[in-house]
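Here is how the chains run, residue by residue.
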Amino acid sequence: MALGVKKDRRADQQFGERYVNGKPADPSLNLEFVDEALNLVRDAEEKGIRLRILGSVAYRLQCPNNLHLFQDTKRALTDVDFGAEKKQNRAIREFLVERGYVPDEGIYMASEGGRHAYLHKDTGLNVDVFADELYFCHRIPFKGRLDLDSPTICTTDLLLEKMQIVQINLKDFKDTIVLMLEHPLSHEQPGPKSIDTDYLVGIMRQDWGFYYTFTTNLKHVPGHLDQFSSLGEEGRSVIRGRIDRLLGAIETAPKTLGWKMRAKIGTRRRWYQEVSEKSQQY
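Read on for a plain summary of the structure. (Residues numbered from 1 in each chain as written. Predicted model: local features only at pLDDT ≥ 70, side-chain atom pairs only at ≥ 80, totals over all residues. Heavy atoms only, no water.)

### Considering the pairing of strand 4 (residues 79-84)
Walk down a regular strand and you will see the side chains alternate between the two sheet faces.
Piece 1. Most of strand 4 is tucked away, with five of its six residues classed as buried.
Piece 2. Across three bridges, the pairing between strand 3 (residues 52-54) and strand 4 is antiparallel. Each bridged residue has a counterpart across the sheet, and for Arg 52 the counterpart in strand 4 is Gly 83.
Piece 3. Of the pairings in the sheet, the one linking strand 4 to strand 7 (residues 126-131) comprises six bridges and is parallel in character. Its bridge partner lying in strand 7, Ala 84 is registered against Ala 131. (Buried < 20%, exposed > 50% of the residue type's maximum accessible area, 1.4 Å probe, protein only. Helix = DSSP H or I, 4+ residues; strand = E, 2+ residues; numbered from the N terminus. Pairing = 2+ DSSP bridges.)

Here it is, written out as structure tokens:
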């Protein structure tokens, strides 16, 4: 199906009818890909297939109150990523092929069904589907978590997606800043959109490697607040406070014996998977 034929009105609601702050959105941002991502989630759901958006598109959809901050970055959307469950691989493949997407057989075979990659033959949109987990530097499980939110993965997993990157870059810090501004921590303000403190603490108290990467990155987030000229002192204070309290909850949680033993080795031994190694597998 060509992009825009069956348009999802949620994209217009989120992106202001293609206008941002009263000005037309830059057409080079490829916002029509957001429409397609929403259409795919909706139409897949009607067939009993669960697809959840992740990556840059998901961050924009989850942060409607601060969407203008993303516009400051002027970052074009070039692809759409989804989380899914491996048990639905065949159904996902058939669904996307019917929509005009051509699968990359090599990636599917090399990953043993852990990742699908597709290219739309008419629009040039790249679609990646990560089945059961997103695993680059650290594992982020999707099994049993896709029902927590829609059309994207939940805000907690979005935070993990960025903070698990060892060689993190500026755009990842920027996305995290907007997410932490938009969404409270669950132990302070419970709700379906809140960042689940207990879930994050549960991971970090058991896995020293993930803990080290996650907390190291999170501590550096406030250092990039100046990237947003339109972010006032009140917003900066909210972000700093949430980060400090999340780090505090992680640090004070009792750690497992395995965590303590691995902590003694520290960074003398590599604590993460190299993204280049993962790329070679695919």
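That was the structure; now back to the text.
### Brief notes about helix 10 (residues 208-220)
The α-helix advances 3.6 residues per turn, and as a result positions three or four apart in sequence lie on the same side.
Piece 1. Here helix 10 is 13 residues long and its end C-alpha atoms lie 18 Å apart, about the 18 Å a rise of 1.5 Å per residue gives.
Piece 2. Taken together, the buried positions of helix 10 are occupied by Trp 208, Gly 209, Phe 210, Tyr 211, Thr 213, Phe 214, Thr 215, Asn 217 and Leu 218.
Piece 3. For helix 10, the secondary structure elements touched by its buried residues are strand 9 (139-141), helix 7 (155-163), helix 8 (170-182), helix 9 (197-204), helix 11 (233-252) and helix 12 (257-265).
Piece 4. The backbone nitrogen of Gly 209 lies 3.1 Å from a side-chain oxygen of the residue at the head of helix 10, namely Asp 207. (Expected span 1.5 Å × (residues − 1). Contact = heavy atoms within 4.5 Å. Polar contact = N/O pair within 3.5 Å; in protein donor to acceptor, adjacent residues only side chain to side chain.)

### Quick notes on the sheet that holds strand 3
Piece 1. Strand order in this open sheet of five strands is 3-4-7-6-5, and the pairing throughout is mixed. Every interior strand has two partners, whereas the edge strands, strand 3 and strand 5 (101-103), have only one. Across the sheet, the mean angle separating the axes of adjacent strands is 30° when strand polarity is ignored.
Piece 2. Those strands touched by helix 5 (residues 89-98) are strand 4, strand 5, strand 6 (115-120) and strand 7, and its axis lies near 5° from that of strand 6. (Axes fitted to C-alpha atoms, helices over the stretch in contact; angles between N-to-C directions.)

### Comments concerning the packing of helix 8 against helix 11
Piece 1. Interaxial distance between helix 8 and helix 11 falls to 9 Å at its minimum, and their mutual angle equals 90°. Here helix 8 is positioned roughly perpendicular relative to helix 11, judged by the angle of their axes. Along the contact surface, helix 8 presents Ile 177, Met 180, Leu 181 and Glu 182, while helix 11 presents Gly 235, Val 238, Ile 239, Arg 242 and Ile 243.
Piece 2. Residues belonging to the contact of helix 8 with helix 11 are distributed by class as follows: six nonpolar, one polar and two charged. (Parallel < 35°, antiparallel > 145°, perpendicular 65-115°, else oblique. Nonpolar A, V, L, I, M, F, W, Y, C, P; charged D, E, K, R; others polar.)

### Quick word on the packing of helix 10 against helix 11
Piece 1. In contact at an axis separation of 10 Å, helix 10 and helix 11 are set at 155° when each is read in the N-to-C sense. Considering the angle they form, helix 10 stands roughly antiparallel to helix 11. In this structure, the crossing between helix 10 and helix 11 has a hand that is left-handed. Of the residues in helix 11, those touching helix 10 at Tyr 211, Phe 214, Thr 215, Leu 218 and Lys 219 are Ile 243, Leu 246, Leu 247, Ile 250 and Glu 251.
Piece 2. The residue makeup of the contact of helix 10 with helix 11, split by class, is seven nonpolar, one polar and two charged. (Left-handed = near helix turned anticlockwise from the far one by under 90°.)

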